[in-house]
Amino acid sequence: MIGFVLVGTNDLDRAALFYDEICSALGAKRLYSMTNGCTGVMYGTGDGPMLGVVLPFNGEPARPGNGVMVALPTASIEEVERVHALAISLGGLDEGAPGPRGDGTAYCAYFRDPDGNKICVFCSLT
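Worth saying up front: this structure is predicted, and the values here are computed from it rather than measured.

Colleague: Describe the packing of helix H1 (residues 12–25) against helix H2 (residues 77–89), naming the residues involved and giving the relevant values.
Modeller: Running from N to C, H1 and H2 cross one another at 170°; their axes reach a closest spacing of 10 Å. Comparing their axes, H2 and H1 come out roughly antiparallel. Contact with H1, carried on its side by Phe18, Glu21, Ile22 and Ala25, involves Glu79, Arg82, Val83, Leu86 and Ala87 of H2 and no other residues of that element. The residue inventory of the contact of H1 with H2, partitioned by class, reads six nonpolar, no polar and three charged.

Structure (structure tokens):
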């Protein structure tokens, strides 16, 4: 149902370096850059939903939305922990240490990217 999700940035070079590493750790890659209309980069595996990092089209400063979060699936608890640690090492802020969540059917970790966008990495425990 989801084709792509965009998060805003005020420093595209910094954000692209951050997401190059995070997406690579999740088995995705930079698919293409956009310069016509919207300026940014798109990430994915090539056969499903994509994540984009963009400069706001209206020229206003990028601001993270309150209550907005992007959740990125992983294959294992170890991958959740590894990607969370990687995000923190790249300048992300911890928003929730890795661990079981909800009714125990998911293992999640949360961080904010250098622009303040909230990201979750998770795997199913069922």
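Colleague: Break down the environment of Pro49 for me, citing the residues and quoting the values.
Modeller: Among the structural elements, Pro49 can be located in the loop between strand E3 (39–44) and strand E4 (50–55). The sequence separation of Pro49 and Ile2 amounts to 47 residues, and the corresponding C-alpha distance is 6.0 Å. For Pro49, the contacting residues outside a window of four places in its chain are Ile2, Gly3, Tyr43 and Gly44.

Colleague: Got a sec to walk through the sheet that holds strand E1 (residues 4–8)? Specific residues and values, please.
Modeller: The mixed open sheet is built from four strands, whose spatial order is E1-E4-E3-E2. Strand pairing shows two members of the sheet lacking a second neighbour, E1 and strand E2 (29–34), which therefore form its edges. Direction aside, neighbouring strands of the sheet carry axes that sit 25° apart on average. Bridging between E2 and E3 involves five bridges; their strand directions are antiparallel. When the bridges of E3 are listed, Arg30 appears paired with Tyr43. Here H1 sits on the sheet in contact with E1, E2, E3 and E4, set at roughly 0° to E3.

Cut-off values and rules
Residues numbered from 1 in each chain as written. Predicted model: local features only at pLDDT ≥ 70, side-chain atom pairs only at ≥ 80, totals over all residues. Heavy atoms only, no water. Axes fitted to C-alpha atoms, helices over the stretch in contact; angles between N-to-C directions. Helix = DSSP H or I, 4+ residues; strand = E, 2+ residues; numbered from the N terminus. Parallel < 35°, antiparallel > 145°, perpendicular 65-115°, else oblique. Contact = heavy atoms within 4.5 Å. Nonpolar A, V, L, I, M, F, W, Y, C, P; charged D, E, K, R; others polar. Pairing = 2+ DSSP bridges.

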